[in-house]
Amino acid sequence: MADGLAYFKAVYGTVPTWISSMHEHNPRMLKHYTDLRGEAFAAGALSSRDKDDLIMAVNVARLYAPSMLNHVKGMVAAGASMAEFIEYFWVAYCYQGDQALLMSTQALALALQLRGQTVPPALLLAQDVAAVLAQYQALTEPDQLNHLNRIIACYQANDRAALEQAVFEQGLLPSKIKLLAMLGNYVVTLQAAQASTWLARARAAGVSDGELADLGFVCLLTAGIPAWFECCDLLAA
């Protein structure tokens, strides 16, 4: 990819400051980074769409809003529903707790803006989990509300086991992709050694070495080369 500036303008709609700064200080570095990103996000064992979704999700779990918002754009462009966003937010909750749900409102607001829809003032003002969950219910497509309401009921009952079962069962998103997102949370926070239970569940759901490696490649882009080291530990387990 010869023109990194054009590539990232196509990806994000504008050239981000961090890209223009890289180009200013070392255009060759930008070229290599652009090539790396293009290869990491190319369809492989995982689709390009799944890779964009996963990176959005892991950045919610590690509470890093800039990268979360960057990848909201890709999900909206690919046609992601509000229910799909919210399923990923529950995966992030299972790793990071209430803070992930609170940060998720930024992603929902941007998704609505990109769709040309009005952002409800209550979404922007949501300061506690109860308010966030009310917005989840208001924004979720009607045919997906039963699944969401089951998860919320588990949350309100403080029943962690039932909540995890509801979150990771086949919903609008496949169980396998949600389990990959959970593993990605451990990878980007450099905690893969603690992920053995989730790795076993992912393997039981059919996650392949190729899919796990593809997850590692995109995690490398958002969290650096140590994320790849962590992914290699999972591959070797």
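For the structure, check the block above.
Just so you know, these numbers come straight off a predicted model, no measurement behind them.

*Asks:* I'd like to hear about the overall build of the protein, residue by residue, with values.
*Replies:* For the protein, the helix and strand inventory stands at 15 helices and 0 strands. Against the 2.2 N^0.38 benchmark of 18 Å for 237 residues, the protein shows a C-alpha radius of gyration of 18 Å, consistent with a compact globule. Seen through its principal axes, the protein has C-alpha atoms that stretch 55 × 45 × 25 Å. Counting only residues that meet the buried cut, the protein has 49% of its 237 residues in that class. For the protein, contacts bridging at least 24 residues in sequence account for 64% of all contacts bridging at least 6. Across the protein, the mean location of the 15 positive side-chain charges is 4 Å away from that of the 21 negative side-chain charges.

*Asks:* Explain the packing of aromatic side chains to me, and be specific about the residues and the numbers.
*Replies:* For the structure on display, the rule yields 15 aromatic pairs. With a centroid separation of 6.2 Å and 75° between ring planes, the pair formed by Trp90 and Tyr136 is classed as edge-to-face. With a gap of 46 residues between them, Trp90 in helix α6 (residues 82–96) and Tyr136 in helix α9 (residues 129–139) connect regions that are remote in the sequence. Of the two residues examined, Trp90 and Tyr136, each falls in the buried class. Plain terms: the ring middles of Phe168 and Trp198 are 4.8 Å apart, the flat faces sit at 45° to each other, and that makes the pair tilted. Separated by 30 residues along the polypeptide, Phe168 in helix α11 (residues 160–168) and Trp198 in helix α13 (residues 196–204) bring together distant segments of the chain. Assigned by exposure class, Phe168 and Trp198 land together as buried. Of the aromatic side chains, those joined through ring pairs into one cluster are Phe85, Phe89, Trp90, Tyr93, Tyr136 and Tyr155. Cation over ring: Arg37 sits above Phe41, and NZ or CZ is 4.3 Å from the ring centre.

*Asks:* I'd like to hear about the nonpolar core, residue by residue, with values.
*Replies:* Grouped together as the largest cluster of nonpolar side chains are 82 residues, with contacts concentrated most on Phe85, Trp90 and Tyr136. Looking at this core element by element, the count peaks at 10 residues for α6. Contact partners of Phe85, with chain neighbours within four places excluded, come to Met56, Val72, Met75, Val76, Ala80, Leu108 and Ala111.

*Asks:* Just give me the short version of α6, but keep the residues and values in it.
*Replies:* Compared with the 21 Å implied by 1.5 Å per residue over 15 residues, the 21 Å span of α6 between its first and last C-alpha is a close match. Buried residues dominate α6, accounting for 13 of its 15 residues. Positive phi appears at Gly97, one or two residues downstream of α6, with a value of about 80°.

*Asks:* Could you give an account of helix α1 (residues 4–12), naming the residues involved and the relevant values?
*Replies:* Every buried residue of α1 is accounted for by Gly4, Tyr7, Phe8 and Tyr12. The arc enclosing the buried residues of α1, seen along the axis, measures out at 110°, which places them on a common side. Sitting at the head of α1, Asp3 places a side-chain oxygen 3.2 Å from the backbone nitrogen of Leu5. Just downstream of α1, Gly13 is the residue with a positive phi angle, here 90°.

*Asks:* Break down the packing of helix α3 (residues 27–40) against helix α14 (residues 209–223) for me, with residues and values.
*Replies:* At a minimum axis distance of 9 Å, the contact between α3 and α14 shows a crossing angle of 145°. Considering the relative orientation of α3 and α14, their crossing is left-handed. On the side of α3, the interface is formed by Tyr33, Leu36, Arg37 and Ala40, while α14 contributes Phe217, Val218, Leu220 and Leu221. Its residues assigned to classes, the contact of α3 with α14 shows 7 nonpolar, no polar and 1 charged.

*Asks:* How would you explain the pattern of salt bridges if you had to name every residue and give the values?
*Replies:* If you walk through the whole model with that rule in mind, you get 10 salt bridges. Between Arg203 and Asp209 there is a salt bridge whose closest N-O contact spans 2.6 Å. Using a relative accessible area of 29% as the deciding quantity, one classes Arg203 as partly exposed. Overlapping salt bridges bring together Arg49, Asp53 and Glu84 as one network.

Conventions used here
Residues numbered from 1 in each chain as written. Predicted model: local features only at pLDDT ≥ 70, side-chain atom pairs only at ≥ 80, totals over all residues. Heavy atoms only, no water. Helix = DSSP H or I, 4+ residues; strand = E, 2+ residues; numbered from the N terminus. Rg over C-alpha atoms; globule rule 2.2 N^0.38 Å. Buried < 20%, exposed > 50% of the residue type's maximum accessible area, 1.4 Å probe, protein only. Contact = heavy atoms within 4.5 Å. Lys, Arg positive; Asp, Glu negative; His and termini not counted. Charge placed at Lys NZ, Arg CZ, Asp CG, Glu CD. Phe/Tyr/Trp six-rings, centres within 6.5 Å; stacked < 30°, edge-to-face > 60°. Lys NZ or Arg CZ within 6 Å of the ring centre and 35° of its normal. Core = buried A, V, L, I, M, F, W, Y, C linked by side-chain atoms within 4.5 Å. Expected span 1.5 Å × (residues − 1). Arc of directions from axis to C-beta. Polar contact = N/O pair within 3.5 Å; in protein donor to acceptor, adjacent residues only side chain to side chain. Axes fitted to C-alpha atoms, helices over the stretch in contact; angles between N-to-C directions. Left-handed = near helix turned anticlockwise from the far one by under 90°. Nonpolar A, V, L, I, M, F, W, Y, C, P; charged D, E, K, R; others polar. Salt bridge = Lys/Arg side-chain N within 4 Å of Asp/Glu carboxyl O.

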